[in-house]
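This is what each chain is made of:
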Amino acid sequence: NYNWDTHSFGEHNHPDSIIAKRLTSDLGIPHKQIYTPPPSIDQFINELLEFSGRTIGNVSVSSFIQLRHYNELKNSNQIIIDGAFGEIWRRGFFTKLSIIGSKYILEKDFNKILQYLRVNRANIFTENIIQTMINGCKEQLEILFDNLPSPHKIGIDNFIEIFAIKTKLPNYFCYEQSRLDNIIKCYMPFIQPSLLEKIFILPLTMRRNGNLFKLLLKNNNKRLTKYPLVKGDTIYPY
C-alpha cells in the first residue's frame, strides 16, 4: 500500500519476467518491463569496456546485457531496493567449500581452499602472472584467517559466513554498487551492517535452504508461496 513499483530487465519471454509479471498482476502491484534492444556492435563494445573498467572485470558479459538496462532508470528520481547478497541469509555462498573443504579450513591448507574459491574461465594470462595472483591469494587468505575468529571456536558454518562477508561482499558486490550509484540511488538491505550483525543470532537451521525466507513468507503473506521460483532460465516449484 506504499508508493512503490517493480520492474524486470530484459526480454518479456524470459522466465524471470514471466513469473514477475504473473505475481505482480495477481497482487495488483505496478510492474514494468525494461528492455532496450542491443545497440550497434561498436556502441556495445564501448559500453562493455566502461562497464568492465568500473567492475574490474569480475562481472560476466551475460550479466552486463541485463545490467545495462539500469541506464533506462537514470534521472528517474527513484530509489532501487535491491536484493543483492540475500544469498548470505540462505547459505548460498561457498557451499562447496563448507561441504567438501571444511577440513582444509581447519587445517589452514590454503592450496586446497583456493580450489574451492576459483571460478575457471578462459585463460588470458601468462603462467608467471597466474602464479603471482595465486601467491597473492594465499598471502591474503593467511592474513584474513589470522584476523578472523577461529573456526574451531565458532564452527565451520559461522566461519564461512564471516568469510563470505569479508571477501565476497567487498571484492564482488561493491564495484557494481559503486557503478550503480552513478546511475540511480540503490538501497541493499541485506548488506547493511546493522542487519549483517544479526545473522549470527539465527540458528543454522534457519539459515539453511532459505528457511528464514520461507518462514517470513509463510507468516506475512502465505499466498506468495503458491508461485513458482526462477533460477537462471529454469522455473521450478516453490
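About the thresholds
Residues numbered from 1 in each chain as written. Predicted model: local features only at pLDDT ≥ 70, side-chain atom pairs only at ≥ 80, totals over all residues. Heavy atoms only, no water. Helix = DSSP H or I, 4+ residues; strand = E, 2+ residues; numbered from the N terminus. Buried < 20%, exposed > 50% of the residue type's maximum accessible area, 1.4 Å probe, protein only. Contact = heavy atoms within 4.5 Å. Pairing = 2+ DSSP bridges. Right-handed = clockwise from strand over helix to strand, strands pointing away. Patch = residues over 30% accessible without salt bridge, like charges linked within 9 Å, V, L, I, M, F, W, Y side chains within 5 Å. Areas by Shrake-Rupley, 256 points an atom, 1.4 Å probe, with all protein chains shown as cover. Salt bridge = Lys/Arg side-chain N within 4 Å of Asp/Glu carboxyl O. Expected span 1.5 Å × (residues − 1). Arc of directions from axis to C-beta. Core = buried A, V, L, I, M, F, W, Y, C linked by side-chain atoms within 4.5 Å. Phe/Tyr/Trp six-rings, centres within 6.5 Å; stacked < 30°, edge-to-face > 60°.

Draft legend 1. Here's a closer look at the environment of Lys32. In this fold, Lys32 is placed in strand E2 (residues 31-34). A relative accessible area of 33% places Lys32 in the partly exposed class. The spacing of Lys32 and Arg121 is 89 residues in sequence and 34 Å in space, taken between C-alpha atoms. If we ignore the near neighbours within four places in the chain, the residues touching Lys32 are Thr6, His7, Ser8, Leu73 and Gln78.

Draft legend 2. Looking closely at the pairing of E2. Pairing of strand E1 (residues 6-9) with E2, which is carried by four bridges, proceeds in the parallel orientation. Directly across from His7, in E2, lies its bridge partner Lys32. A crossover links E1 with its parallel partner E2, the connecting element being helix H1 (residues 15-27), and its sense is right-handed.

Draft legend 3. Broad picture of the environment of Asn219. By secondary structure assignment, the location of Asn219 is in helix H12 (residues 211-220). Asn219 sits 57 residues away from Ile162 along the chain, and the two C-alpha atoms are 28 Å apart.

Draft legend 4. Focus on a nonpolar patch on the surface. Residues Ile124, Phe125, Ile129 and Met133 make up a contiguous nonpolar surface patch of roughly 400 Å² in combined accessible area. Along the chain, Phe125 falls in the loop between helix H6 (110-115) and helix H7 (127-147).

Draft legend 5. The arrangement of helix H2 (residues 41-54) in detail. For H2, with 14 residues, the first-to-last C-alpha span of 20 Å sits near the 20 Å given by 1.5 Å per residue. Within the sequence span of H2, burial applies to Phe44, Glu47, Leu48 and Phe51. An end-on view of H2 places all buried positions within 100° of arc, on one side of the element. Across H2 from its buried face, at more than 90 degrees, point the exposed residues Asp42, Asn46, Leu49 and Gly53.

Draft legend 6. Spatial organisation of the nonpolar core. With 47 residues, the main nonpolar core has Tyr70, Phe85, Ile88, Ile105, Ile113, Phe145 and Phe163 as its most contacted residues. Elements with a contribution of two residues or more to this core: H2, helix H3 (61-67), helix H5 (102-107), H6, H7 and helix H9 (156-181). Of all the elements, H9 adds the most residues to this core, at ten residues. Discounting chain neighbours no more than four positions away, the residues touching Ile113 are Leu97, Tyr104, Ile105, Leu141 and Phe145.

Draft legend 7. How the structure looks around the pattern of salt bridges. All chains considered together, the criterion is met by eight salt bridges. Note that Glu50 is salt-bridged to Arg54, the shortest N-O span being 3.5 Å. Pair noted here: Glu50 and Arg54 are both in helix H2, with a separation of four residues, about one helical turn. Measuring nitrogen to oxygen at the nearest pair gives 3.6 Å for the salt bridge that ties Asp157 to Arg208. Note that Asp157 is positioned in helix H9 and Arg208 in the loop between helix H11 (204-207) and H12, a separation of 51 residues in sequence. Judged by its relative accessible area of 34%, Arg208 is partly exposed. Where salt bridges share partners, they join Arg91, Asp157, Glu161, Arg207 and Arg208 into one cluster.

Draft legend 8. Examining the packing of aromatic side chains more closely. Going through the model one piece at a time under the given rule, you end up with 14 aromatic pairs. Seen from their ring centres, Phe51 and Phe64 are 4.9 Å apart, and the 40° between their planes marks the pair as tilted. One end of the pair, Phe51, is in helix H2; the other, Phe64, is in helix H3, with 13 residues separating them in the sequence. On the accessibility criterion, Phe51 (3% relative accessible area) is buried. Here the aromatic rings of Tyr172 and Phe173 are separated by 5.3 Å at their centres, their planes lie at 80°, and the arrangement is edge-to-face. With a relative accessible area of 31%, Tyr172 lands in the partly exposed category. Here the aromatic cluster, defined as three or more aromatic residues joined through ring pairs, consists of Phe94, Phe110, Phe145, Phe159 and Phe163.

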